[in-house]
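Chains, contacts and geometry: an overview
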Amino acid sequence: MKRIGMGLVGPGFIAQHHLDAVRRLGDVEIIGLAGSSLASAQRKAAEFKVPHAFATYQELVDDPRIDVVHNTTPSYLHVPVTLAALTAGKHVISDKPLAMTPTECALLRDAAAAAGVVNAVTFNYRGNPLVQEARVRIARGDLGDLVYIQGQYLQDWMTDENVYSWRMDPIKGGVSSALADIGSHWCDLAEHISGLRITSVLADINTVVATRYSSGASSEAFGRGTSDKRDPVTIHGEDLASVLLRFENGARGSLRVGQVLPGHKNDLQIELNGRKGSIRWEQERQNELWLGHHDRPNALLPKDPSLLTSEAAAYAHLPGGHQESWADAFRNVIADIYDSIRDRSARPATLCTFADAFRTSCVIDAMLRSAAAGSRWTDVNPQHHGAAS
């Protein structure tokens, strides 16, 4: 079996999960990583047990041993790092969001198409077997016509005003905070599971913590603030949002997003209601799928390969009663991406291409435009940022 060489740029919070996932595949060789400096890369390489540290991302993408580049840098570096990898003819796996604006996403989408390489964004919740079960059941008509898609993505790690991350810096994280960071996950799931596109939105957004206190260093995601001397920073990106949605078949929807809500650790929920039935999946109870009925008792479907459709069972690797986790779903997404690298004709179920991620960026952009216009209905308009794909 030919081993596939991979390199990683940006060894932060999510990087270790990329490395763990590829190690579990068996035929991927981790060549090395690059960080903000050689010293930083060397520290992270030692911590993550990676054999080589590169001084720059350009050195990494130029290494002939590397076939695939994982881009897990902060958002403002996604464009230069990804373009460098595409120019070098490397397959690219990017953390989300693909880039900070739809226009930048369209640039990367078109560059990837021109390079003729596999391109993917790690919207990792697609990889949960019960997410795939929901998608398959809806596609075969079990719920009937969908009429309402609702849910939330709520966290509390930004509640403390002493937590300050690059995600809140508009230069490094973009103008959107919570919607781009976690709202994008929900929007991707909603379209992926339902098979429907969001066509228009009405958004109300707010910045609850308008002043944060920074030591000058970026807090890790889900980290705690400290009592060290810190300077005030004015925050403009939203940390709370409520959004009404319209889908292409006429279905309505609603979404709640927040990162300053005490007690909500990683509370992602999505419910899809049809004329025949309903389905709800909750990330914090990810080994169950709620099935709602109007003419018989509701049910909980456990993550048990013997009870799932064959398409979804392929993503469950343990018997019923053996719980699988966030990292397992992430591994499933990475495995599908590498399957498409091995077989270029393959289009696995969980694969989110740059074109798909461009569309999600357009949805978030429409939400921001809606809020800026005084919470008016606003169309999702991919053509405004680049030809729709």
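Residues numbered from 1 in each chain as written. Predicted model: local features only at pLDDT ≥ 70, side-chain atom pairs only at ≥ 80, totals over all residues. Heavy atoms only, no water.

Our focus in this paragraph is the overall build of the chain. Secondary structure assignment for the chain yields 11 helices and 17 strands. Classification of the 389 residues of the chain by burial places 56% in the buried group. A sequence separation of at least 24 residues applies to 70% of the contacts in the chain between residues at least 6 apart. When the accessible surface of the chain is split by element, carbon and sulfur atoms take 51% of a total near 16200 Å². (Helix = DSSP H or I, 4+ residues; strand = E, 2+ residues; numbered from the N terminus. Buried < 20%, exposed > 50% of the residue type's maximum accessible area, 1.4 Å probe, protein only. Contact = heavy atoms within 4.5 Å. Areas by Shrake-Rupley, 256 points an atom, 1.4 Å probe, with all protein chains shown as cover.)

Attention now goes to the state of the cysteines. The final tally for this structure, using the stated rule, is zero disulfides. A disulfide-free cysteine, Cys-105 has its sulfur positioned 7.6 Å from the sulfur of Cys-362, the nearest such atom. On the accessibility criterion, Cys-105 (1% relative accessible area) is buried. Free of any disulfide, Cys-187 has its nearest cysteine sulfur in Cys-362, 12 Å distant. You can call Cys-187 buried: its relative accessible area is 2%. (Disulfide = S-S within 2.5 Å.)

Okay, the nonpolar core next. Across soluble globular proteins, you tend to see nonpolar side chains buried next to one another. Core analysis: the biggest nonpolar cluster contains 73 residues, and Trp-186, Leu-245, Ile-270, Trp-281 and Met-367 have the highest contact counts within it. Among all residues touching Trp-281, those that are not within four sequence positions of it are Tyr-125, Asn-128, Leu-130, Val-131, Leu-189, Leu-268, Gln-269, Ile-270, Gln-286, Glu-288 and Leu-289. (Core = buried A, V, L, I, M, F, W, Y, C linked by side-chain atoms within 4.5 Å.)

This part is about helix α11 (residues 354-372). Taking 1.5 Å as the rise per residue, α11 with 19 residues should run 27 Å; its terminal C-alpha atoms sit 27 Å apart, in good agreement. Where burial is concerned, most of α11 is hidden: 14 out of the 19 residues are buried. Gly-374 sits one or two positions beyond α11 and adopts a positive phi of about 90°. (Expected span 1.5 Å × (residues − 1).)

Throughout the structure, instances matching the rule amount to three aromatic pairs. Measuring from ring centre to ring centre gives 6.1 Å for Tyr-125 and Tyr-153, while their planes differ by 75°; the resulting arrangement is edge-to-face. Note that Tyr-125 is positioned in the loop between β6 (119-121) and α6 (129-139) and Tyr-153 in strand β7 (residues 146-154), a separation of 28 residues in sequence. Taking the relative accessible area as the measure of exposure, Tyr-125 reaches 6% and is therefore buried. Ring pairs connect the aromatic residues Tyr-125, Tyr-153 and Trp-281, which therefore count as one cluster. The lysine or arginine in question, Arg-109, covers the ring of Phe-358, its NZ or CZ lying 4.5 Å from the ring centre. A cation sits over an aromatic face here: Arg-246 above Trp-377, 3.8 Å from the ring centre. (Phe/Tyr/Trp six-rings, centres within 6.5 Å; stacked < 30°, edge-to-face > 60°. Lys NZ or Arg CZ within 6 Å of the ring centre and 35° of its normal.)

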